[in-house]
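Take a look at the letters that make up each chain.
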Amino acid sequence: MSKRTGDNEKAPRITIICGYPPPYVGMPIYAERFSAYLLRNGFDCKVINMSPEKRQCKADHVLAPAGGRFLKYFSSMLLLLFNRSDLVHINASSSWSFWGSLSLCAFCRLLGRKVVLSVHGGSFPGKVRKYNAIVRLAARLGLAFPHHLICINEKIRKVLESLGISRGRTSLIPVFCLAYLPQSIPRADISRKILEFCESHSPVIVAVPRLEIQSSGGWQTPILAFPLLKQRLPEVGMVIVGSGDKEKDCRQMIISKGLSEDIFLAVDVPHPEAIAIFKELADVLVRPTGNDGDASFVREGLALCKPMVASDTDFRPDGVVLFKIGDAEDLAEKVEYALEHREEIQSRLKDFEHPDYFAETVKVYERVARCALRNGEEPK
């Protein structure tokens, strides 16, 4: 499955099943960036958008299935039926997403399509460990359908192996590509309210939690840590960028603690603007979640050479300053450390290498295609 090299050569057809912005969070951002990479490199790429806000996306190569949380999987099958492809790349995270994705893998195999399944999500290993024997058997049977599995960290890979998946059927590939970090907007085009807030505070901390119902979102921790920082840094300000069903609770918590003048809740900021905020306005970046697979925000912060303070989940890349999950006092101490050692941290981050993980994913596609051809399969 090579890239197109001439006008008469047919472009390989790839369908990605994943969320797509909005919202501007990990998996949707990955689908946006990776599909752009494929299109620029000569692939015929479509994205079936599983995001709750799927109707808001206007990109020409993105398809929106009908239905909500469960029905969208059945309507996705219709889209797969009427949109031919050489390979389908399905992306799964939480429990319902995982089981729905396995059903799509089975359907694609019935259609004769080649299938790659990526498993994201820091909560996935913990959920698998709670499976009883029958559920584990069902997961193992479902995982027989994809030709290959991509794991975004080693923890996920080991959990899949515990379900009986051989290491030869898996690849370990993070979801970030430095070359496809979106170009930030000019400083002058950042929201005026955010710009004025940041210009009136110093230093500026930018926190990116998940404002979700589960405590794993971690959004309370930076708010609880802020008064401790304020005692030592009187002019400090914090911008919280995130989205989810706990936005109202987050805003209320800020108000109830009397922090409205010093914490700005920006909610769901378009990705290029978020990159500009990280790059132009932030002194320290914070990722406070209770779990993460391989957060794109963390990778982006490191690539921008910004001091990154993040919770000590199962996986964090090198270069991150870690604090104990949910520990506001420890977070405050680590933010102070990052501020005090900012130049040293930035100097180290400049020497970091960022492999082309998108190219590694295309190599998986090529291996799956070669294997299928050896087995006598034809593209459908």
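What you see is a predicted model, and the numbers here were worked out from it, not measured in a lab.

### Brief notes about the overall build of the chain
For step 1, the next point in the chain: A tally of regular secondary structure across the chain gives 14 helices and 13 strands.
For step 2, the next point in the chain: Taken against the 2.2 N^0.38 rule, which gives 21 Å for 380 residues, the C-alpha radius of gyration of the chain at 21 Å falls within 12% of a compact globule.
For step 3, the next point in the chain: In terms of principal-axis extent, the alpha carbons of the chain reach across some 70 × 50 × 40 Å.
For step 4, the next point in the chain: Counting only residues that meet the buried cut, the chain has 57% of its 380 residues in that class.
For step 5, the next point in the chain: Pairs at least 24 residues apart make up 70% of the contacts formed inside the chain by residues separated by at least 6 positions.
For step 6, the next point in the chain: Counting only carbon and sulfur atoms, one obtains 51% of the accessible surface of the chain, whose full area is about 17,000 Å².
For step 7, the next point in the chain: Looking at charge distribution, the chain has the averaged site of its 51 positive side-chain charges lying 9 Å from that of its 44 negative ones.

### Points about the pattern of salt bridges
For step 1, the next point in the chain: Per the counting criterion, the structure on display carries 18 salt bridges.
For step 2, the next point in the chain: Of the charged contacts in the structure, one is a salt bridge between arginine 287 and aspartate 292, with a shortest N-O distance of 2.8 Å. Both residues of the pair, arginine 287 and aspartate 292, count as buried.
For step 3, the next point in the chain: Each of Arg210, Arg287, Asp292 and Arg316 takes part in a single network of salt bridges with overlapping partners.

### Observations concerning the packing of helix α8 (residues 220-232) against helix α9 (residues 247-256)
For step 1, the next point in the chain: Where α8 contacts α9, the two axes come as close as 11 Å, and the packing angle between them is 10°. As summarised for this structure, α8 and α9 are arranged roughly parallel, according to the angle between their axes. Contact residues: α8 offers Gln220, Ile223 and Leu224, while α9 offers Cys250, Met253 and Ile254.
For step 2, the next point in the chain: For the contact of α8 with α9, the residue count by class is five nonpolar, one polar and no charged.

### Brief notes about a nonpolar patch on the surface
For step 1, the next point in the chain: On the surface, Leu78, Leu81 and Phe82 cluster together into a nonpolar patch covering about 340 Å² of accessible area.
For step 2, the next point in the chain: Assignment of secondary structure puts leucine 78 in helix α2 (residues 71-82).

### Examining the packing of aromatic side chains
For step 1, the next point in the chain: This model, assessed by the stated rule, comprises 14 aromatic pairs.
For step 2, the next point in the chain: Seen in terms of ring centroids, phenylalanine 278 and phenylalanine 297 are 5.0 Å apart; in terms of plane orientation they differ by 65°. Their pairing is edge-to-face. One end of the pair, phenylalanine 278, is in helix α10 (residues 271-280); the other, phenylalanine 297, is in helix α11 (residues 296-303), and 19 residues separate them in sequence. With respect to class, phenylalanine 278 is no different from phenylalanine 297; both count as buried.

### Topic: the environment of arginine 342
For step 1, the next point in the chain: Relative to the assigned elements, arginine 342 resides in helix α13 (residues 342-350).
For step 2, the next point in the chain: Separated by 223 residues in the primary sequence, arginine 342 and valine 119 place their C-alpha atoms 34 Å from one another.
For step 3, the next point in the chain: Residues contacting arginine 342, with those up to four places away along its chain left out, are Asp283 and Pro307.

### Some remarks on the sheet that holds strand β1 (residues 13-18)
By way of backbone hydrogen bonds, the strands of a sheet pair with one another, either parallel or antiparallel.
For step 1, the next point in the chain: Ordered in space as β3-β2-β1-β4-β5-β6-β7, the seven strands form an open sheet in which the pairing is parallel. A single partner strand is all that each edge strand has here, and the edge strands are β3 (62-63) and β7 (170-172).
For step 2, the next point in the chain: Direction of pairing for β1 relative to strand β2 (residues 44-49): parallel, over a ladder of six bridges. If you follow isoleucine 16 over to β2, its bridge partner there is valine 47.
For step 3, the next point in the chain: Its contacts with the sheet put helix α3 (residues 95-110) on β1, β4 (87-92) and β5 (114-119), and the angle it makes with β4 is roughly 165°.

### Comments concerning the sheet that holds strand β12 (residues 308-311)
For step 1, the next point in the chain: Strand order across the open sheet formed by six strands is β10-β9-β8-β11-β12-β13, with parallel pairing between neighbours. Sheet topology places β10 (263-267) and β13 (321-323) at the edges, where each strand pairs with a single neighbour. Between one strand and the next, the sheet's axes are offset by a mean angle of 20°, whatever the strand orientation.
For step 2, the next point in the chain: Sheet analysis places strand β8 (residues 204-207) next to strand β9 (residues 237-241), joined by four bridges and oriented parallel. Across the sheet, the residue bridging to valine 206 is valine 239, located in β9.
For step 3, the next point in the chain: Against the sheet, α8 makes contact with β8, β9, β10 and β13, and its axis sits at roughly 175° relative to β9, the strand it touches most.

### What about a positive patch on the surface?
For step 1, the next point in the chain: Together, Arg69, Lys127, Arg129, Lys130, Lys155 and Lys158 make up a positively charged patch on the protein surface.
For step 2, the next point in the chain: Of all the elements in the fold, those that place two or more residues in the positive patch are α4 (124-129) and α6 (154-162).
For step 3, the next point in the chain: Among the secondary structure elements, arginine 69 is positioned in the loop between β3 and α2.
For step 4, the next point in the chain: You can call arginine 69 partly exposed: its relative accessible area is 47%.

### A short note on the side chain of serine 171
For step 1, the next point in the chain: Mapped onto the elements of the fold, serine 171 is located in strand β7.
For step 2, the next point in the chain: Accessibility expressed as a relative area gives 10% for serine 171, which makes it buried.
For step 3, the next point in the chain: In terms of polar contacts, serine 171 uses its side chain to reach the side chain of arginine 367, at 3.1 Å.
For step 4, the next point in the chain: With residues near it in sequence (within four places) discarded, serine 171 still touches His148, Leu149, Ile150, Cys151, Arg157, Val364 and Arg367.

### Comments concerning the nonpolar core
For step 1, the next point in the chain: Ranked by internal contacts, the top residues of the largest apolar core, which has 64 residues, are Val206, Ile223, Ile240, Phe278 and Val309.
For step 2, the next point in the chain: By residue number, the principal contributor to this core is helix α12 (residues 328-340), which donates six residues.
For step 3, the next point in the chain: Setting aside chain neighbours within four positions, we find phenylalanine 278 in contact with Val206, Val208, Leu285, Phe297, Glu300, Leu304 and Lys306.
For step 4, the next point in the chain: In terms of nonpolar packing, the next biggest core, distinct from the first, is built from 61 residues, Tyr20, Tyr37, Phe107 and Cys151 among them.

Reading guide: rules and limits
Residues numbered from 1 in each chain as written. Predicted model: local features only at pLDDT ≥ 70, side-chain atom pairs only at ≥ 80, totals over all residues. Heavy atoms only, no water. Helix = DSSP H or I, 4+ residues; strand = E, 2+ residues; numbered from the N terminus. Rg over C-alpha atoms; globule rule 2.2 N^0.38 Å. Buried < 20%, exposed > 50% of the residue type's maximum accessible area, 1.4 Å probe, protein only. Contact = heavy atoms within 4.5 Å. Areas by Shrake-Rupley, 256 points an atom, 1.4 Å probe, with all protein chains shown as cover. Lys, Arg positive; Asp, Glu negative; His and termini not counted. Charge placed at Lys NZ, Arg CZ, Asp CG, Glu CD. Salt bridge = Lys/Arg side-chain N within 4 Å of Asp/Glu carboxyl O. Axes fitted to C-alpha atoms, helices over the stretch in contact; angles between N-to-C directions. Parallel < 35°, antiparallel > 145°, perpendicular 65-115°, else oblique. Nonpolar A, V, L, I, M, F, W, Y, C, P; charged D, E, K, R; others polar. Patch = residues over 30% accessible without salt bridge, like charges linked within 9 Å, V, L, I, M, F, W, Y side chains within 5 Å. Phe/Tyr/Trp six-rings, centres within 6.5 Å; stacked < 30°, edge-to-face > 60°. Pairing = 2+ DSSP bridges. Polar contact = N/O pair within 3.5 Å; in protein donor to acceptor, adjacent residues only side chain to side chain. Core = buried A, V, L, I, M, F, W, Y, C linked by side-chain atoms within 4.5 Å.

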